[in-house]
Structures are given as C-alpha cells and as structure tokens.
Amino acid sequence: MAERNSLLSGNICRSALVSLFTLSAVLFIISWFFVLRSTGRPRLVYNGRIPNSKVLARNDTADESPDPDRLESVGSGSGGERGSSIDCENAVSHCGERFLKVFMYDLPPEFHFGLLGWEQEVFSVWPDIRTKIPGYPGGLNLQHSIEYWLALDLLSSKISGNAHDGAARRVYNSSEADVIFVPFFSSLLYNRFSKVKSTEKRGNDKLLQDKLVKFLESQEEWKRSGGVDHVIMAHHPNSMSEARNQLWPAMFILSDFGRYPPTIANVMKDVIAPYKHVIGTFSNDTSSFDSRPTLLFFQGAIYRKDGGIVRQELFYLLKDEKDVHFTFGSVQRDGVSKATEGMHSSKFCLNIAGDTPSSNRLFDPIASHCVPVIISDEIELPYEDVLDYSEFCLFVRTSDAVKKDYLINLVRGIGRDEWTRMWERLKEVEKHFEFRYPSKDDDAVQMIWKAVARKVPAIKFKVHHSRRFSRTKDPAGETEKQFLVPKNFW
C-alpha cells in the first residue's frame, strides 16, 4: 500500500514537472516572437532625400530601380503651387522646395569667366548673361566644359522674370544651402594655362590652385563642414593636380577616377559627369540596321600608354576585317566631319580605354546613335545609379576583347532586332548627355545636379556625425579634429 502511494505521488510530480516545462517553453517561444518583431528590420525606408527638400522624394521598394525617363521633373505639378500632394504634417518625409539649394562663392573672375577673356564689371564679379554670354573655346576644349554650363545654370536661376525650373537653384545664404559650389574653371585653366613659360617658375594653373586652396580654407563655410559639402569641378583628368591633395574632403565632379587614388576620389562621395560630345547630335535619324554598312567603327589615337595599350592590340586584330573601320584620327584636317560620317554609317562604335578609363568615344557614339562597345574595365559611367547602360551599350572585358576572333564574333552575333532595340534606346537617352544654355529638363546639366542631390544625404550624415564630440577637448586641450587625413594618404 505504501509502495502504491509512493508510486502515485511520483507520477503526479512528474506530470507537474512536464506541464511546467511545457508552459515555460510556450511562454519562452512567445516572448522571443515579440522580441524578434521589436528588433527586426526598421520599417522606415531611407529614400536618400535631401533634408528639407523633396527633390528626390518618392516611395521606393527594394526591387525597384529608378528609370531616368520617369524621374520626377523639377517644378512639375498639377497646376497651382509647385509642391507635392504629400501631407507634410503626417508624412514620414521632409517637405520643402523641390530643388537643390546651392550657395556659390563670389570668386574673382580670374578663377572663372576671366579665363575666357571676360573683364570684370564695376559692381559684379559675374557677367550679365542677360545681355551677353562669354563664349567658350571650341575643339577639344569643349569636352571638359561642364564648369561653364553649371555656372551659367546657377547664374540664370535667379534672373528676375526667368521661370527657372531646373534641378538646382542659387541661394545667397550659405546656411540655407544643401551644397557649396566652387566656380573654379579648372579644366579650362589646365587646357589653356598649364604650360610654364621660360620666365616663370610655375605656371598660372598651379598658382591659381594655390590661391584657391588658401581662399577655401579661410572661409567659414569650409571650416564649418571641413569641406565635405563643397562641390569642386575637376573634369579634365590632369586638372587640380596639386589642389586635389588638400581639397579631397569635397565632392569632385570628374570624368573618371583614373588618376586619383581612392582616398582622394571615389564613387561613394564624388560624381562622374559626361564629356560634352564634339560630334553634333544626329537629328531626325531615320537610319536602320541595313542602312549602316559599317559593322564596327573606331577613329582616334591608336598608340596610347597605360590601359590604352589595348587599342594597339585590337588594331592588329581587326584591321583586315572587311566591314570594320579602325584608323588613326584627330580633330585636325576635317577629323570631326569624317568621324561624324563614319559613326552615322556604323552599327557599333568602339570605346576603348586610353590614357585614362574614359574618353569622348562613348559620348560621340551616343549622339550618333551608334551602339557603343565599351572595352574599359575600370570605367565609371555618369548617373549609372539611375541609368542602365547595358540597354544601349555592349560591354566587353579587356581580357576577352584581345582574344582572336572573340570581339568580332560577338558583334556579328547581334542581329537586327537586338541592335534596333539598343538604337531606339540610344535615341531616348541622348538628351541626358546634351549640354546647353538655357538648360532643359533632364539634359546633362540637370542630370549632374540631380546626381549631386543624391549625394546630399551622405554629406549631411558626415557633417552631423563629425559634430558628436564638437564640445569635447582632446588631452592636449585642443578641440578634436573633425576630418582626418585618409589612411595611406602619403
């Protein structure tokens, strides 16, 4: 009897323990469910908008990539005030003007339009573009003329009576600006004044770079951010050759990164802008696959250094192909007209790396609706975050291009339908590579401003992050340095 009672009480204890364990396990699972929900991925999506601006305001999904042809037009809206239908009080977004706010330094004319022969007027360092616009030299100088077009666009943004609907607008209070624009025509300066005269120790190019560095480092705007929110144009690969080492925190507008270490310039902080094409736009293009008899076209310098050595190898591989035009050429002796005729009659145009990864042999073919074949492994492309170049360009690795018959067989394998789709897309995107004044919606000037605008959230983050310890002192009693020289800088 005693044994049965003992066994019964043991069974009851085990049952209680099992029940308690089961209950604990259920409660543990439920509690972890709520913990995981509370610490899961944030539901607020960072849209990369400009603080206090709607220039890029939109609701993105993870799998959605922007289409440049559907980019929100600056100043667009359905009548009435230019604005958004978003409820600013309830929306989780920043509401404000729909343009990039740019403060431009009033640098002396020797840094910008004075380089074009313009003489300063009595009361202004800027030309009155309502009466006369200083001309820009032609030829190859035009390739790197973005500084000229961006400055004109800012000057026109505040002209009385001018309905400026551009992506950027000039403001006169730097504390209100998203970015600080430095109107230094560095590419023009290099092209025209980089040669040192026999009577000089240093050319005007280097002297003006030194003056620019001293000017910027003395400005409150530069001291306030360490230069992170400044925009400096250095489109010619050889421009700003010395100043870049002092002004590296700023955002550079470049043609490529070929002559920059990644600690000075990189795709995360800087903007790649297109060359201004030398060949005129192919207006009213009614050509077709069959009406362009040349399969593959290249005309330019064949013997180059650095990555451009591949040009020589390709020349010997392709020179005997019957429907390939591969010759030396330049802008001299009707070179532009010959290149225009050749590109207009060709299906594909080669864009091969030269001394640097980029060249105008991408943008001339785009203007000619000749499908670019890009052979440049290190190339970076303008607005590639919103533009899919694979829709209208053919990319070939250098290691593949130099294999016997590889390139020619690849190009011959593209039929009429596929080529026509790429040709049609070229005609759609060509507007994004057009520089002009006055600027038009989604042309090259506006696309560059929009690319700058997409960098602004990262700029704001850097500036805000640098202020964390602005009130603390280091052991030596000095305020902590906000911006450090990059690792391996020297």
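Within any chain, residue numbers begin from 1 and follow the written order of that chain's sequence. Residues qualify for local features only when their pLDDT is at least 70, as the model is predicted, and side-chain atom pairs are given and counted only at 80 or more; totals for whole chains, interfaces and linings, by contrast, use all residues. Computation of side-chain values covers all heavy atoms of the structure but excludes hydrogens and water.

Peer 1: Explain the packing of aromatic side chains residue by residue, including any values.
Peer 2: Pairing of aromatic rings covers Phe, Tyr and Trp, the last counted by its six-membered ring, and requires centre-to-centre distances within 6.5 Å; plane angles under 30 degrees mean stacked, over 60 mean edge-to-face, and any other angle means tilted. Throughout the structure, instances matching the rule amount to 20 aromatic pairs. Linked through ring pairs, Phe113, Trp126, Tyr136, Tyr148, Trp149 and Phe185 together constitute an aromatic cluster. Two conditions define a charge sitting above a ring: the NZ of Lys or the CZ of Arg must be within 6 Å of the ring centre, and it must be within 35 degrees of the ring normal. The positively charged end of Lys347 is found above the aromatic ring belonging to Phe289, 4.8 Å away from the centroid.

Peer 1: Go over the side chain of His230 with me, naming the residues and quoting the values.
Peer 2: A run of H or I in DSSP becomes a helix once it reaches four residues, and a run of E becomes a strand once it reaches two; helices and strands are each numbered from the N terminus. Tracing the backbone shows His230 in strand 4 (residues 230-233). Judged by relative accessible area, which is 0%, His230 ranks as buried. Side-chain atoms alone can form a polar contact between residues adjacent in sequence; in general such a contact is a pair of N or O atoms within 3.5 Å, and within protein one must be able to donate a hydrogen while the other accepts it. Within the structure, the side chain of His230 is placed 2.7 Å from the side chain of Tyr105, a separation counted as a polar contact. Within the structure, the side chain of His230 is placed 2.9 Å from the side chain of Asp229, a separation counted as a polar contact. We call a residue buried when its accessible area falls under 20% of the maximum for its residue type, exposed when it is over 50%, and partly exposed in between, using a 1.4 Å probe and counting protein chains only.

Peer 1: Got a sec to walk through the state of the cysteines? Specific residues and values, please.
Peer 2: The criterion for a disulfide is a pair of cysteine sulfur atoms lying within 2.5 Å. Tallying each qualifying case throughout the model produces one disulfide. Here Cys349 pairs with Cys370 through a disulfide, and the sulfurs are 2.1 Å apart. Judged by the sign of its S-S torsion, about 105 degrees, the bond between Cys349 and Cys370 is right-handed. With Cys349 in strand 9 (residues 346-352) and Cys370 in the loop between helix 8 (363-368) and strand 10 (371-375), this residue pair connects regions lying 21 residues apart in the sequence. Each of the two residues, Cys349 as well as Cys370, counts as buried.

Peer 1: Tell me about the sheet that holds strand 9, residues and numbers included.
Peer 2: Judged by pairing direction, the sheet is parallel, and its five strands sit side by side in the order 8-7-9-10-11 without closing on themselves. With one partner strand each, in any of the chains shown, strand 8 (324-328) and strand 11 (394-395) form the two edges of the open sheet. Alignment of strand 9 against strand 10, held across five bridges, turns out to be parallel. By the bridge assignment for strand 10, Phe348 is matched with Val371. Packed onto the sheet, helix 7 (residues 335-344) meets strand 7 (294-300) and strand 9 and runs at close to 160 degrees relative to strand 7. The criterion for strand pairing is that DSSP finds at least two bridges linking the strands in question. Should any heavy atoms of two residues lie within 4.5 Å, those residues are considered in contact. Think of each axis as a best-fit line through the C-alpha atoms, taken over the contacting stretch in the case of a helix, with angles from 0 to 180 degrees between the N-to-C directions.

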